[in-house]
Amino acid sequence: MNFDAKVPSGPLIEKWTKHKFDLDLVNPANKRKFSVIVVGSGLAGASAAASLGELGYHVDCFCFQDSARRAHSIAAQGGINAAKNYPNDGDSVWRLFYDTVKGGDFRSREANVHRLAEVSVDIIDQCVAQGIPFAREYGGGLANRSFGGAQVSRTFYARGQTGQQLQLGAYQALARQIGAGTVGMHTKTEMLDLVVEDGRARGIVTRDLTSGAMTSWSADAVVLATGGYSNVFFLSTNAKGCNATAIWRAHRRGALFANPCYTQIHPTCIPQHGDYQSKLTLMSESLRNDGRIWVPKTAGDSRSPGRIPEGERDYYLERRYPAFGNLVPRDIASRAAKAVCDQGLGVGHGGRGVYLDFAEVLARLGKASVEAKYGNLFEMYERITGENPYQVPMRIYPAPHYTMGGLWVDYDLMSSVPGLFVIGEANFSDHGANRLGASALMQGLADGYFVLPYTIGNYLAPHMGEEPLSTDHAAFREVESQVRERLSKLLSIDGKRTVDSLHRALGRVCEDYCGMSRERQGLEGAIGQIQALREEYWQNVRVPGAAQDLNQSLEKAGRVADYFELAELMCRDALDREESCGTHFREEYRTDEGEAKRNDEDYTHVSAWEWTGADSEPRRHKEALEFENVPPTQRSYK
């Protein structure tokens, strides 16, 4: 088991600089002799493929969308963090590092987090050079706003479309390399398995989503940049196509899966309206800069919000956390919203909502100022709900959003399978038990533009002169056969339940027992329920159509089959971790004030799980976490 984190020695602020010098290099002429597969074309995948292509490697990039521009990164709204300190309000690389470690509840690797903070300043320069239309101040400088978990303004933004604009910038860089011939772009193509031979990742097996044709691809290294797994909950803010198949197939081939129970529930989402919904909609955390969150003080108050006087409103985040107010981290804001709704103070459909009110900022700054910052978000909210947030408060409620867990990687972003690199949300490395807002885009671009292009060469250099494994090799043929057998089995069951009905049932179990709060009895019951649902799935699911054809039902069926196994691992991980930290809130472990109560003595480690078979319990490995620079303390945002 390759389980060495490879964290460089020496002072924290020198680790990355020293490590870059110590890495083995591949000279420009030799880079052309290596091939790299990049799976995913979001911010992490597109930036990595573009950077590797620019360096001279031959790259094949794969995405299941009809265009690399349609990766789910475009859905990120509020902004991207960087320690530029343009507002001169006390920010620094060290403060971004500190806020990230603290925000993750001291469950992340210090060295990775500091490197992320270091390269954040370069990301903004890169994006400005690409023409990203960041918001600017009157004098022309780039504007910043605040996000949860910080008391400085470090978030760069393009209204509420930051992810889309950054994705277009990365896509321009990628398209340049496609035109230059260094990157081959394969759209409407889904990775269905990883090929491992002699302990190394040697390629992938894909399915053409239009024709159904299966193809093997060989390379000297494989990079997974396929995002997170929040769609295990069925209802989430993720696009319906987002899935965990690439990382789960890699896990079954030997890649350790780290901290799967760390799933983030975003506090600022449009509440569910009914059982007919297939997904939920995110409203940017940036809205918490100016919107004030409140509920009526009296349960069952059915008056319209404008008729409820100030004295009868509970601005509960401002009351409980006066230092940070509405900008507390996401895990804290989400649990607080659930708590007031559980007390019967919620508003809207089923009492599962709280108000996000802009009346104060509209009166203070005027509609034009608010529209300049949030106009497209307000328009989106009105289109979905039929309510005008300039006139009445938004209603919001937490929803599954981002996943901090993912495949385990070392400091070089390589998994426990040599030659398999994992970047962006698909890995576990930077956010600990809770991601701070506006840090996802930062990590994706940091990994793709500024980390992987250095570290992948260190792996490839010793393999100079080796021939890539032929796709005629028995290792490829065996994986192809297994993939075909799996697809054939799904098509042959011919049961009575749809994929969606079983996925929805799985999502309810995950939300009820492994969502915003967890407890032992519920998790033990959830594992049994998931196992029963998985058994029913393989006996009673109905998947129409054929494998050698356009078949979206088959695509979905394979992804949901993986979710059953992943959901069970999530619950096992949550059951094993007998503490509350970040998004993992065990009801049995809370302070007298109801906050998360960590157990640093027993759980200051990464839980990295090894696949041992579909019908056997996974094996847990521990990576000890050391905090030499930010000693763990009880998180307080009061």
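Predicted model, so just to flag it, every value in this text is computed and none were measured.

Rules used throughout
Residues numbered from 1 in each chain as written. Predicted model: local features only at pLDDT ≥ 70, side-chain atom pairs only at ≥ 80, totals over all residues. Heavy atoms only, no water. Pairing = 2+ DSSP bridges. Helix = DSSP H or I, 4+ residues; strand = E, 2+ residues; numbered from the N terminus. Buried < 20%, exposed > 50% of the residue type's maximum accessible area, 1.4 Å probe, protein only. Polar contact = N/O pair within 3.5 Å; in protein donor to acceptor, adjacent residues only side chain to side chain. Contact = heavy atoms within 4.5 Å. Salt bridge = Lys/Arg side-chain N within 4 Å of Asp/Glu carboxyl O. Axes fitted to C-alpha atoms, helices over the stretch in contact; angles between N-to-C directions. Parallel < 35°, antiparallel > 145°, perpendicular 65-115°, else oblique. Nonpolar A, V, L, I, M, F, W, Y, C, P; charged D, E, K, R; others polar. Phe/Tyr/Trp six-rings, centres within 6.5 Å; stacked < 30°, edge-to-face > 60°. Lys NZ or Arg CZ within 6 Å of the ring centre and 35° of its normal. Core = buried A, V, L, I, M, F, W, Y, C linked by side-chain atoms within 4.5 Å. Disulfide = S-S within 2.5 Å.

### Regarding the sheet that holds strand 11 (residues 263–269)
Judged by pairing direction, the sheet is antiparallel, and its five strands sit side by side in the order 11-15-14-12-13 without closing on themselves. Unpaired on one side and paired on the other, strand 11 and strand 13 (313–314) mark the two borders of the sheet.

### Looking at the side chain of S73
With respect to the element layout, S73 can be found in the loop between strand 2 (58–62) and strand 3 (80–81). Looking at S73, the relative accessible area reads 18%, which means it is buried. At a separation of 3.0 Å, a polar atom in the side chain of S73 contacts the main-chain amide nitrogen of L43.

### Description of the environment of A244
Of note, A244 is situated in the loop between strand 9 (221–224) and helix 7 (245–252). Judged by its relative accessible area of 4%, A244 is buried. As a C-alpha pair, A244 and A426 span 182 residues in sequence and 8.5 Å in three-dimensional space. In this view, A244 contacts Y229, Y563 and L566; residues no more than four positions away in its chain are not counted.

### As for the pattern of salt bridges
If you walk through the whole model with that rule in mind, you get 56 salt bridges. A salt bridge links E318 to R292, with the shortest nitrogen-to-oxygen separation between them at 2.8 Å. In this pair, E318 sits in helix 8 (residues 316–320) while R292 sits in strand 12 (residues 292–296), placing the two residues 26 residues apart along the sequence. Judged by relative accessible area, which is 23%, R292 ranks as partly exposed. We note a salt bridge from R534 to D615, for which the minimum N-O separation is 3.9 Å. Here D615 lies in the loop between strand 18 (605–610) and strand 19 (619–624) and R534 lies in helix 15 (residues 520–540), a separation of 81 residues in the sequence. On the basis of relative accessible area, R534 is assigned to the buried category, the value being 13%. Under the relative-accessibility criterion, D615 is labelled exposed at 78%.

### Considering the sheet that holds strand 18
Spatial ordering of the open sheet is given by 16-10-18-19, a layout of four strands whose pairing is antiparallel. Pairing within the sheet leaves two strands with one partner each, and these edge strands are strand 16 (406–407) and strand 19. In the sheet, strand 18 pairs with strand 19 via six bridges, with the strands oriented antiparallel. What sits directly across from S607, in strand 19, is K622. Against the sheet, helix 16 (residues 552–576) makes contact with strand 10 (257–258), strand 18 and strand 19, and its axis sits at roughly 145° relative to strand 18, the strand it touches most.

### Quick notes on helix 7
Counting buried residues in helix 7 gives seven out of eight residues, a clear majority hidden from the surface. Residues of helix 7 that are buried include every one of T245, A246, I247, W248, R249, A250 and H251, and no others.

### Concerning the packing of helix 14 (residues 499–514) against helix 15
Packing of helix 14 against helix 15 brings their axes to within 9 Å, and their N-to-C directions diverge by 170°. Judged on the interaxial angle alone, helix 15 and helix 14 are roughly antiparallel. Residues V499, L502, A505, L506, V509, Y513 and C514 of helix 14 form the contact with helix 15, whose participating residues are G522, L523, A526, Q529, I530, L533, E536 and Y537. Its residues placed into classes, the contact of helix 14 with helix 15 shows twelve nonpolar, two polar and one charged.

### Comments concerning the packing of aromatic side chains
Applying the stated rule across the entire model yields 22 aromatic pairs. Centre to centre, the rings of F3 and W408 are 4.8 Å apart; their planes meet at 50°, and the pair counts as tilted. Remark: W408 occurs in the loop between strand 16 and strand 17 (420–422) and F3 occurs in the segment before helix 1 (12–22); sequence separation between them is 405 residues. Look at F3 and you get partly exposed, because its relative accessible area is 23%. For W408, a relative accessible area of 0% gives the class buried. Here W16 and Y454 contribute two aromatic rings whose centre-to-centre distance is 5.8 Å and whose plane-to-plane angle is 80°, an arrangement assigned as edge-to-face. Highlighted residues: W16 in helix 1 and Y454 in helix 12 (residues 440–460), separated in sequence by 438 residues. Here W16 falls in the buried class, since its relative accessible area comes to 2%. Each member of the aromatic cluster is reached from another via a ring pair, and the members are Y229, W248, F257 and W611. Over the aromatic face of Y411 sits the side chain of R115, whose NZ or CZ is 4.1 Å from the ring centroid. Against the face of Y157 rests R145, its NZ or CZ located 3.7 Å from the ring centre.

### Quick word on the nonpolar core
One finds I80, L224, L420, I456 and Y537 to be the most contacted residues of the largest nonpolar core, which totals 144 residues. At 13 residues, the largest contribution of residues to this core is made by helix 16. Residue contacts for I456: discarding those within four places in its chain leaves V36, L52, Y57, A221, V223 and F421. If you look at the next biggest cluster of nonpolar residues, it comprises 34 residues, including Y321, V340, C341 and V354.

### Things to note about the state of the cysteines
According to the stated counting rule, one finds zero disulfides in the structure shown. Its sulfur unpaired, C510 is 5.6 Å from the next cysteine sulfur, which belongs to C571.

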